[in-house]
Amino acid sequence: MSTRITIAIPSKGRLKEEALKRMEAAGYGVEPPKDARTYRAAVAGHPNVEVAFLSASEIARELGKGSIDLGITGEDLVREGLPDSENRVTRLAQLGFGHADVVVAVPEPWFDVETMADLGLVAADFRQRHGRRLRIATKYWRLTQKHFSQTHGIQLYRIIESLGATEGAPAAGQADVIVDITSTGSTLRANHLKVLKDGVILQSQACLFAPTPGTDDPDRRETVAALAGALGA
Amino acid sequence: MNALRSFSARADIETILAQLGAERLDVPVLQPADPFLDTAGEELRRRIFLSESETGETLCLRPEFTIPVCLHHIGAGESAPRRYGYVGTVFRQRRAGGNEFLQAGIEDIGNTDSAPADARSLADALAFLEALGVSAPTVTTLGDQAVFNAVIAGLGLPQGWAVRLSHAFGDRATLDATLDALAVPPPPPEVPADILEPCEARDRAALVNALSMRLRIAGLENSGGRDADEIADRLIARFDAAEIAPDEKALATLRTFLSISAPLNEAAGALAGFAEAAGLDLSDAIAAFGARATEMEKAGVDTAAISYDAAFGRALDYYTALVYEIATADGLVLAGGGRYDRLLTMLGAGSDVPGVGFSVWLDRVAALTGGDA
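Computed from a predicted structure; not experimentally measured.

Turning our eyes to something else, we now look at the sheet that holds strand β8 (residues 261-263) of chain B. Paired through their backbone hydrogen bonds, the strands of a sheet run either parallel or antiparallel. Residue and element names in this part refer to chain B. Taken in spatial order, the 9 strands make up an open sheet running β1-β5-β6-β12-β11-β10-β7-β9-β8, and their pairing is mixed. What marks the edges here is a single partner per strand, and that holds for β1 (23-24) and β8. Pairing geometry for strand β10 (residues 322-328) and strand β11 (residues 333-339), over 5 bridges, is antiparallel. Within β11, the position partnered with Ala-327 by the bridge is Val-333. Strand contacts of helix α4 (residues 114-131): β5 (82-91), β6 (100-109), β7 (138-144), β9 (306-309), β10, β11 and β12 (355-361), with the helix running at about 10 degrees to β12, the strand carrying the most contacts.

Structural data, given as structure tokens:
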């Protein structure tokens, strides 16, 4: 088995830039690939570490498969994209960037709904009043289900998959409430939506993850531990 | 267990179904997923096997039979009552153990004479188990959502309470948590001045106006969702609830009711005694309960051996009255049934169609009887 380990880093955007900065600060400066079209890079002074540039959601999947040794990505993508993530990956460090909350937001004029319990009441007789279940637009169906069904015991709703502009779904009549990601809340406010008091499902940020249990090769374990330690784990 | 999968065992079950007077119905293994998710809720999504057709329709492997049988009844445009018998595999995702189970049962759909239909359903379920060779003593527990609803209505609880309690019925932990929560008066919601004023004055018309304005600004006026009237009603109920001290007596009465447990042949009497002591008029619900128990006796059911448990129910909002469960002495459920008068309209029937039915877990029965059912 190769002694070289792989750390996956988001392939574009602010997450990529911040991750590269953190690698640099940790003494693991990523050398720009010779060919700009490749998705692999070496690390200066650390021949045993290779960097793979992957899409942020792909990193969650590869962690689940155990095909990479470390990965930097948003916690929301891991919790949503990877079934049973609690048992399949270990969160080694929160990296302090890429902050975003996954929240339950309802129309601002729903003044009778402040909490999940209030929303549960609305959901309970929604069908009697409107002939259909309460609809939730989201791309986070796993997190939504966990928060509604398991944490708050609310069953009577339907998830409408939304792959973009989720905050517009209530006004467009596609859904009644949404579960979406927000960093400042300004998009929600602009769309006349408000976050429920207990509606923060996950306070997400970029994190360093490793597959559980990880490699059993002692040399590779050592390399992983050194890099993780340098990144703040 | 494999014995049940064999052709001869299935033939036996078909014979039992025929003896019980049910007509055999086959429904496809692959079913549209929406009716299941719509009626049972999104939690089911984790527990069913989902797939998709080429045209994008979400399909699932049937997780149970009641809904497909009802859909068949609606789709066939049946107007006369029918009693459908079925046997086949159902599929449920589980973390451990198998994912497919053999079930059989009878759904009695469209019979408006509910007391004898209920009685026949329970009698058939017991007869089915006996015909399968279950000789060990079983425990039959019976509950009734209609009686619970009558108690809630009789207590005159605020609107929000009734909804919450009715919804928690069937799940003891949720119900107890709800009762505890109701003992603490909730503060009124924090609202802006233009909403607060009509709320405090209980000026419903002004409140509806203010809310309509807010909904218009939010672009939600004609979105087909909640409207100003609904929000106004709930807001006023919230402000009312914050001012009315929780009715300790009503909650205590409810707890007393939930603790009622009696053999079925004594249950109507126990309920009447409770109603009198609590000063509640439950006469309609108790009369229907008693009539059904009498029908069960007529159908040859030993009502002294069935226990009525006031807190027993199913946390699904399509069950409307009778629910029952037949289990082994150590609690393994072998058969379950109930009345679902709300289900067919939920599934698209144009008018109210009553239904009652039961399912038998054949694998569990086979394990119990040594596989030679």
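Further notes follow.
To continue, consider helix α5 (residues 145-155) of chain B. Residues and elements named next belong to chain B. What α5 keeps buried is the set Gln-145, Val-147, Phe-148, Val-151, Ile-152 and Leu-155. Considered in projection along α5, the buried side chains sweep an arc of 165 degrees and stay on one side of the axis. Looking at where α5 begins, the residue whose side-chain oxygen comes 2.8 Å from the main-chain nitrogen of Ala-146 is Asp-144. Count one or two residues on from α5 and you reach Gly-156, which has phi positive near 60 degrees.

Another point: the side chain of Thr-73 of chain A. All names here are of chain A. If you trace the backbone, Thr-73 turns up in strand β4 (residues 70-74). One polar contact links the side chain of Thr-73 to the main-chain carbonyl oxygen of Ala-56, over a distance of 2.8 Å. Those residues within four positions of Thr-73 in sequence are excluded, and the remaining contacts are Ala-56, Ile-59, Val-78, Gln-205, Ala-206, Cys-207 and Phe-209.

Let us look at the nonpolar core. Residue and element names in this part refer to chain B. Core analysis: the largest hydrophobic core is formed by 66 residues, its most contacted members being Phe-128, Phe-257 and Tyr-308. Sort the elements by how many residues they give to this core and α4 lands first, with 7 residues. Composition of this core by domain shows at least three residues from each of domain 1 (3-137 + 329-369) and domain 2 (138-185 + 246-316). Once residues within four sequence positions are removed from consideration, Phe-257 is found in contact with Val-147, Phe-148, Val-151, Leu-271, Phe-274, Tyr-308 and Ala-310.

This part is about the pattern of salt bridges. In total, this model carries 46 salt bridges over all chains according to the counting rule given. A salt bridge links Arg-24 of chain B to Glu-14 of chain B; the nearest nitrogen and oxygen atoms lie 2.3 Å apart. Highlighted residues: Arg-24 of chain B in strand β1 and Glu-14 of chain B in helix α1 (residues 7-19), separated in sequence by 10 residues. For Asp-26 of chain B, the salt bridge goes to Arg-24 of chain B, with nearest N and O atoms at 2.7 Å. Look at the salt bridges and you will find they share partners, linking Asp-112, Asp-125 and Arg-129 of chain A together with Arg-226, Glu-230 and Arg-234 of chain B into a network.

Reading the values: the criteria
- Residues numbered from 1 in each chain as written.
- Chains lettered and ligands numbered in written order.
- Predicted model: local features only at pLDDT ≥ 70, side-chain atom pairs only at ≥ 80, totals over all residues.
- Heavy atoms only, no water.
- Pairing = 2+ DSSP bridges.
- Helix = DSSP H or I, 4+ residues; strand = E, 2+ residues; numbered from the N terminus.
- Contact = heavy atoms within 4.5 Å.
- Axes fitted to C-alpha atoms, helices over the stretch in contact; angles between N-to-C directions.
- Buried < 20%, exposed > 50% of the residue type's maximum accessible area, 1.4 Å probe, protein only.
- Arc of directions from axis to C-beta.
- Polar contact = N/O pair within 3.5 Å; in protein donor to acceptor, adjacent residues only side chain to side chain.
- Core = buried A, V, L, I, M, F, W, Y, C linked by side-chain atoms within 4.5 Å.
- Domains from an automatic or database assignment.
- Salt bridge = Lys/Arg side-chain N within 4 Å of Asp/Glu carboxyl O.

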